[in-house]
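# An overview of the molecular structure
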Amino acid sequence: MHTATNVQIPPNTATIDLPIEGMSCASCAGRVERALKAIPGVAEAVVNLATERASVRGTAGVQALIAAVEKAGYEARAPETAVALGDDVALAKKEAERAELRRALMMVAVLALPVFVLEMSAHLIPAMHHWVVQTLGTQTSWQIQFALTTLVLLGPGRRFYVKGFPALLRLAPDMNSLVAVGTLSAYAYSVVATFLPGLLPAGTVNVYFETAAMIVALILLGNFLEARAKGRTSQAIGRLVGLQAKVAHVRREGRILDIPIAEVMTGDVVEVRPGERLPVDGAVLDGQSYVDESMITGEPVPVEKSAGSTVVGGTVNQTGALSVRATAVGSQTVLAQIVRLVEQAQGAKLPIQALVDKVTRWFVPAVIAAALLTVLVWLLFGPAPALTFALVNAVAVLIIACPCAMGLATPVAIMVGTGRGAELGILFRKGEALQLLKDAKIVAVDKTGTLTEGRPALTDMDVADGFERTHVLAQIAAVEARSEHPIARAIVDAAGQEGIVLPEPARFESITGMGVRAVVDGQRVDVGADRYMRSLGLDVGIFAQTAERLGSEGKSPLYAAIEGRLAAIVAVADPIKPTTPAAIAALHGLGLKVAMITGDNARTARAIATRLGIDEVVAEVLPEGKMQTIRRLKAEHGCLAFVGDGINDAPALAEADVGMAIGTGTDVAMEAADVVLMSGNLQGVPSAIALSKATLGNIRQNLFWAFAYNVALIPVAAGVLYPVWGILLSPILAAGAMALSDVFVIGNALRLRGFQPPLATEAQAT
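Residues numbered from 1 in each chain as written. Predicted model: local features only at pLDDT ≥ 70, side-chain atom pairs only at ≥ 80, totals over all residues. Heavy atoms only, no water.

Leu36 and Met660 are the most contacted members of the largest nonpolar core, which has 138 residues in total. Sequence-distant contacts of Leu36, defined by excluding residues within four places in its chain, comprise Val42, Ala45, Val47, Ala54, Val56, Leu65 and Val69. Listed in part, the 40 residues of the second largest apolar core include Ala490, Val540, Leu550 and Val572. (Core = buried A, V, L, I, M, F, W, Y, C linked by side-chain atoms within 4.5 Å. Buried < 20%, exposed > 50% of the residue type's maximum accessible area, 1.4 Å probe, protein only. Contact = heavy atoms within 4.5 Å.)

Turning our attention to the packing of helix H21 (residues 580–589) against helix H25 (residues 684–718). Their axes nearest at 8 Å, the elements H21 and H25 cross at an angle of 30 degrees. Here H21 is positioned roughly parallel relative to H25, judged by the angle of their axes. On the side of H21, the interface is formed by Ala583, Ala586 and Leu587, while H25 contributes Val685, Pro686 and Ile689. (Axes fitted to C-alpha atoms, helices over the stretch in contact; angles between N-to-C directions. Helix = DSSP H or I, 4+ residues; strand = E, 2+ residues; numbered from the N terminus. Parallel < 35°, antiparallel > 145°, perpendicular 65-115°, else oblique.)

In this section: the UniProt feature "transmembrane region" (unreviewed entry) in the chain. Here, UniProt's "transmembrane region" (unreviewed entry) annotation points to residues 104–128, 140–157, 178–200, 206–225, 362–381, 387–410, 703–722 and 728–750. Taken end to end, residues 140–157 comprises 83% helix and 0% strand; its first and last C-alpha atoms sit 24 Å apart. In residues 362–381, the share of helix is 100% and the share of strand is 0%. The end C-alpha atoms are 28 Å apart. (UniProt positions renumbered as here; feature names shortened; annotations may be inferred.)

Right, let's get into the sheet that holds strand S7 (residues 269–272). Read across the sheet, 6 strands follow the order S6-S5-S7-S13-S8-S11 without closing on themselves; strand pairing throughout is antiparallel. Either end of the sheet is taken by a strand with one partner, and the two such strands are strand S6 (255–260) and strand S11 (310–311). (Pairing = 2+ DSSP bridges.)

As paired elements, strand S1 (residues 14–21) and strand S3 (residues 53–58) share 6 bridges and run antiparallel to each other. Bridge pairing in S3 links Ile16 to Val56. Examined bridge by bridge, S1 and strand S4 (residues 75–76) share 2 bridges and lie antiparallel to one another. From the neighbouring strand, Ile20 faces S4, where its bridge partner is Ala76.

Moving on, we come to the environment of Ile569. One can find Ile569 in strand S21 (residues 565–573). Ile569 sits 106 residues away from Val463 along the chain, and the two C-alpha atoms are 6.5 Å apart.

What follows deals with helix H2 (residues 62–71). Those residues of H2 that sit buried are Leu65, Ile66, Ala68 and Val69. Buried positions in H2, seen along its axis, are confined to an arc of 160 degrees and lie on one side of it. Of the exposed residues in H2, the ones pointing more than 90 degrees away from its buried face are Gln63 and Lys71. (Arc of directions from axis to C-beta.)

On to the packing of helix H17 (residues 469–480) against helix H18 (residues 486–497). Between H17 and H18, the least distance of the axes is 9 Å, while the angle of their chain directions is 135 degrees. When the axis of H17 is compared with that of H18, the two are oblique. Handedness of the crossing formed by H17 with H18: left-handed. The residues of H18 that touch H17, namely those facing Leu473, Ile476, Ala477 and Glu480, are Ala488, Ile491, Val492 and Ala495. Looking at the contact of H17 with H18 residue by residue, the classes come out as 7 nonpolar, no polar and 1 charged. (Left-handed = near helix turned anticlockwise from the far one by under 90°. Nonpolar A, V, L, I, M, F, W, Y, C, P; charged D, E, K, R; others polar.)

As summarised here, the arrangement of the 4 strands in space is S2-S3-S1-S4, forming an open sheet in which the pairing is antiparallel. One side of each edge strand has no neighbouring strand; the edge strands of this open sheet are strand S2 (42–48) and S4. Relative to the sheet, H2 contacts S1, S2, S3 and S4, its axis offset from that of S1 by approximately 30 degrees.

Pasting the structure below:
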């Protein structure tokens, strides 16, 4: 949605992308965001927990931003030292973090398992309890548990205390604070019970070392699984970056040099061999081949390339060798622009996230208050030993209420959804579009270049009895080759595509308002409208049925006469793209209305609309009229998506709720559009809308799970079921449930990687 803002942004405003380290939950992300927004000169700050990055817009300096993040208790790096998600260095860093988590998890498993066996199996298996008492003795067992648990908390568990207690002292508790307070409470109580039992009331001398040790183990397990899943969410960018060729064969001073891609300059001539990736964007100078452009457009059919064709870096040359002059290198290539757009979309904050931010801001303090209330209620009203019940249930409340799942619910789904979109050739330039598209009620489309190819082509040709088609087309094209009219160019192109060699015409003449004529191979050839044929004394009635059909399709027929005999009827029109009918049907299948807005004449527009089943046609409108039409359609139908070519449709793209630009690689940077469809055809529109519905549905599922989980289980952890059914939630089970909630949310989001566009699904079914 394009809305005005009252905030005056200075002209020297810049957007800075800061990597943030040390965030563990939604509260952390919110705290960093508030710290950044408090800096003078910051107009907007968005912090993404899943990508661990902050996007800051304004005039504030980088050092001021880093200082604010550090003051909030986290770490930030300057943009110039930061690396992109797909960068080898960044991937190595992430892998090192996962490896460190793996080592910590293995260590805690080795230390915590004996504690769990000694304590819990003694409660669950009577024979085990007797064996422990008779061989080790209860006191010795507790001392062994103390030693092992101490190693757990000082080793793998130390990270929670190093981060959690400082946050608590700043009155800004986070997930680490909850784990630190919970585990230390259980540990401290157990230490007193083991070494100073006389300080505790009678009947309350129990140890909970296994609780402290297993909570650390389960939280680390959740963190490890989360880190692995986060790595998979950014694979779309990693794959895009991996498409970049590492070396280019550059022609310099008469020699072919293999140089790193970073050293290739605009204007260099690059040789591309069969099977290699194009290292740069460029124009083909020499050679002929087919190039697989599916990584850009999502279209699986290779595209023929020859001298004059444009090529895109990262696409795969298939059969022939090509010489290409580089027109864009490095960060200016289409592939680099795609990576930037996907990174921006993955870091976007949707309107739905505002609710999460409001809740998580107060969530952790509310949980600590709930834990204190739990202690108070159990001490006042609980059965003996009240202190033990109070401690165990308070720890369970602290552990189960971690808001990680809430913080990950939205950004992880956005990361996976936008990444899948990039693989399908759908680039979301603005995060809001991902949410708004699902509410679209009507799709308005431009005709030329969107529904149609955008250039005239020979669409129909019928020849009279006694004439041969190829010969007639050669004669007509030879005459039209002397004309500069676009219709003439389409006929010449058609002859060229059929491999026809054109003879040289003589005595070419243009008759204003009528047609053209010339002598070709000694024969007089006349080409023009029906009135020209009648002026020559020829009857066009033999082609009446064809002319009537062409008229109903919005095409204007032309006639050709050779040596005074009517030879053929031809029609040149802007042909409908082969993929358009299926795309319109898919939009109708999604329950959407389709409207066509065009500056073309009404007859042609209505004919195309009838063929395609378009619901509403608005023809012969100027760009300003398109904007007024869009306003009217929005008022009548609701949320509107407009699809245009992103150049002359810029006002309409901006006026729509969601502007969608049909691009072909060179149009990636269209500023007016919210969504860029790289495939160059309308099929991307139903795919984008279906992806929006799937992503937002996934986010709702995640948020429901995260909120419902906390709302339902915090009271259970506090012990509300105990008075009626005698049910208490063990802190260990609470830790396990908390870890599973994170894994569930991320696993649910990863399902979007398997999203299939509606047209592909239909094709598979048939």
